[in-house]
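# Examination of the molecular architecture
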Amino acid sequence: MADADGLGTRADLVERGDLPLLGQDVSRTYRLGIMGGTFDPIHYGHLVTAEQAFDDLDLDVVVFMPAGRPAFKQGRNVTSGEDRNAMTLLATSDNPHFVATRFEVDRAGVTYTADTLELLREIYPDNVELFFITGADAIAEIVTWREAGRIARLAHLVGATRPGYDLDRADDLISGSPYDFDVTYLEVPALAISSSYLRERVSGGQSLRYLTPDSVTGYIHKHHLYGVVPTRYVSVLEEGESS
Ligand code: NAP
């Protein structure tokens, strides 16, 4: 892992290739968005959320960080980190505001957000502020996460909600906690889309067009994720080839 300070840190960051270089100009503050999610699969709801956070919170860049081995999903069927990372890379590659990182996927063992933020805090100088962006449901649970107090000290939190989402529960949990969380909520209409909806559609042989980038759909079919129905994909290819 890179040192906390100095040129060694910057060189390591560049060498890693997938974390943005920030903090060089000591006369200003930088705002780094960290988009945390399982991304199984990534979809337009996530992409719109990140773009809206970039604009509304005046971020310098948003780093998409697929969860490594999520603590809270032990024993549940989660697609491999390699596949989720590949889909995240494909989905984010055409937006200059976005970067995708293997930071959690490459970490051994269960990945806790508190550890992730601590490591990022060591890598980046003090003039880089961290904004951890995720779904409001996850934010509501954050008080129960490992070392929640450490998370509160390390990062601002951004909770993305669907329109009509009842924020009372999240608000009660956050304000009732002993920790000083700084939470901003973003209402994102595109979050009517969810990963579970996409997975259901794939296994039912239905189209994902306009729900996630076509490159992600192509990856899902090529790698037979989510119980993909192969005959439908073949027929789509054949239609394309004959036109
Ligand atoms: P989740 O509980 O599966 O998701 C909760 C809700 O939030 C779902 O509706 C989900 O929709 C949505 N969501 C998730 N990530 C989002 C994002 N970046 N932007 C907008 N909506 C999002 O949560 P998760 O995806 O597994 O975990 C979210 C993040 O919290 C990850 O970075 C994870 O590592 C972290 N986490 C840490 C701990 C811990 O440290 N103990 C515990 C739990 C979660 P979709 O299903 O459509 O994404």
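Here's a quick rundown of the structure. (Residues numbered from 1 in each chain as written. Predicted model: local features only at pLDDT ≥ 70, side-chain atom pairs only at ≥ 80, totals over all residues.)

## Observations concerning the overall build of the protein chain
Note the cut-off: What counts as a helix is a DSSP run of H or I of at least four residues, what counts as a strand is a run of E of at least two, and both are numbered from the N terminus. Field definition: a residue is buried when 20 or more other C-beta atoms are found within 10 Å of its C-beta, exposed when 12 or fewer are, and partly exposed for counts in between, with C-beta atoms placed from the backbone. Contact criterion: two residues are in contact if their C-beta atoms, reconstructed from the backbone, are within 7 Å.
Looking only at helices and strands, the protein chain has 10 helices and 8 strands in total. Every one of the 243 residues in the protein chain was classed for burial, and the buried ones make up 36%. Across the protein chain, contacts joining residues at least 24 apart in sequence account for 78% of those joining residues at least 6 apart.

## Brief notes about unusual backbone geometry
At the junction of Asp40 and Pro41, the peptide bond is cis and its omega measures out at 0° in the coordinates. Mapped onto the secondary structure, Pro41 falls in the loop between β1 (30–37) and α2 (44–56). Even without glycine at this site, Phe39 takes up a positive phi of about 55°. Relative to the helices and strands, Phe39 resides in the loop between β1 and α2. Positive phi outside glycine occurs at Tyr210, with the angle close to 75°.

## Side note on the site of the ligand
Where we set the bar: To decide whether a residue is near a molecule or strand, its C-beta atom is placed from the backbone and checked for lying within 6 Å of it. Residues are sorted three ways: Asp, Glu, Lys and Arg are charged, Ala, Val, Leu, Ile, Met, Phe, Trp, Tyr, Cys and Pro are nonpolar, and all the rest, Gly among them, are polar.
Taken together, 25 residues are adjacent to the ligand, and Gly36, Gly37, Gly135, Trp145 and Ser195 come closest. Elements supplying a minimum of two residues to the shell around the ligand: β1, α2, β6 (128–135), α5 (136–141) and α8 (195–203). Here the shell around the ligand is composed, by residue class, of 11 nonpolar, 12 polar and 2 charged.

## Focus: the environment of Ala192
Tracing the sequence through the fold places Ala192 in the loop between β8 (183–187) and α8. C-beta crowding within 10 Å serves as the criterion here: with 11 such atoms nearby, Ala192 is assigned to the exposed category. Sequence separation between Ala192 and Gly45 is 147 residues, and the spatial gap between their C-alpha atoms is 7.2 Å.

## Some points on helix α4 (residues 113–123)
Operational definition: The arc in question is traced by the directions running from the helix axis to the C-beta atoms.
Buried within α4 are the following residues: Thr113, Thr116, Leu117, Leu120 and Ile123. Seen from one end, α4 has its buried residues packed into an arc of 120°, which puts them on one side.

## Focus on the sheet that holds strand β4 (residues 98–100)
To keep things clear, this is the line we draw: The pairing criterion is simple: DSSP has to find at least two bridges between the two strands. Fitted lines through C-alpha atoms give the axes, limited to the stretch in contact for helices. The angle between two N-to-C directions lies from 0 to 180 degrees.
The 6 strands are arranged β4-β2-β1-β6-β7-β8 in an open sheet whose pairing can be described as parallel. Since the sheet does not close on itself, it has two edges, and those belong to β4 and β8, each with one partner. Strand-to-strand, the axes of this sheet are offset by a mean angle of 25°, without reference to chain direction. Pairing geometry for β6 and strand β7 (residues 156–161), over 5 bridges, is parallel. Paired with Phe132 across the two strands is Leu157, which belongs to β7. Here α2 sits on the sheet in contact with β1, β2 (61–66), β4, β6, β7 and β8, set at roughly 160° to β1. Along the sheet, helix α3 (residues 81–92) contacts β2 and β4; its crossing angle with β2, the most-contacted strand, is approximately 155°.

## Structural notes on the pairing of β7
This is how the line gets drawn: If the strands point away from the viewer and the path from the first strand over the helix to the second runs clockwise, then the crossover is right-handed.
The sheet contact formed by β7 and β8 spans 5 bridges and is parallel. Paired with Val158 across the two strands is Thr184, which belongs to β8. Following the chain from β7 across helix α7 (residues 168–175) to the adjacent parallel β8, one finds a crossover that is right-handed.

## Focus on the nonpolar core
Here is the rule: Put simply, a nonpolar core is a cluster of buried Ala, Val, Leu, Ile, Met, Phe, Trp, Tyr and Cys residues tied together by C-beta atoms within 7 Å.
Core analysis: the largest hydrophobic core is formed by 53 residues, its most contacted members being Ile34, Ala50, Val62, Val63, Phe131, Phe132 and Ile133. Sequence-distant contacts of Ile133, defined by excluding residues within four places in its chain, comprise Gly33, Ile34, Met35, Gly36, Thr49, Ala50, Ala53, Val158 and Ala160.

## Here's the deal with the packing of α3 against helix α9 (residues 214–222)
Note the cut-off: An angle counts as roughly parallel when it lies under 35 degrees, as roughly antiparallel when it exceeds 145, as roughly perpendicular when it falls between 65 and 115, and as oblique in every other case. Note on convention: the crossing is left-handed when the near helix lies turned anticlockwise from the far helix by less than a right angle, right-handed when the turn is clockwise.
Running from N to C, α3 and α9 cross one another at 155°; their axes reach a closest spacing of 8 Å. Looking at the two axes, α3 sits roughly antiparallel to α9. When the axes of α3 and α9 are compared, the crossing they make is right-handed. On α9, the residues touching Ala86, Met87, Leu90 and Ala91 of α3 are Ser215, Val216 and Tyr219. Here the residues of the contact of α3 with α9 sort into 6 nonpolar, 1 polar and no charged.

Keep in mind these numbers describe shape, not what the thing actually does.
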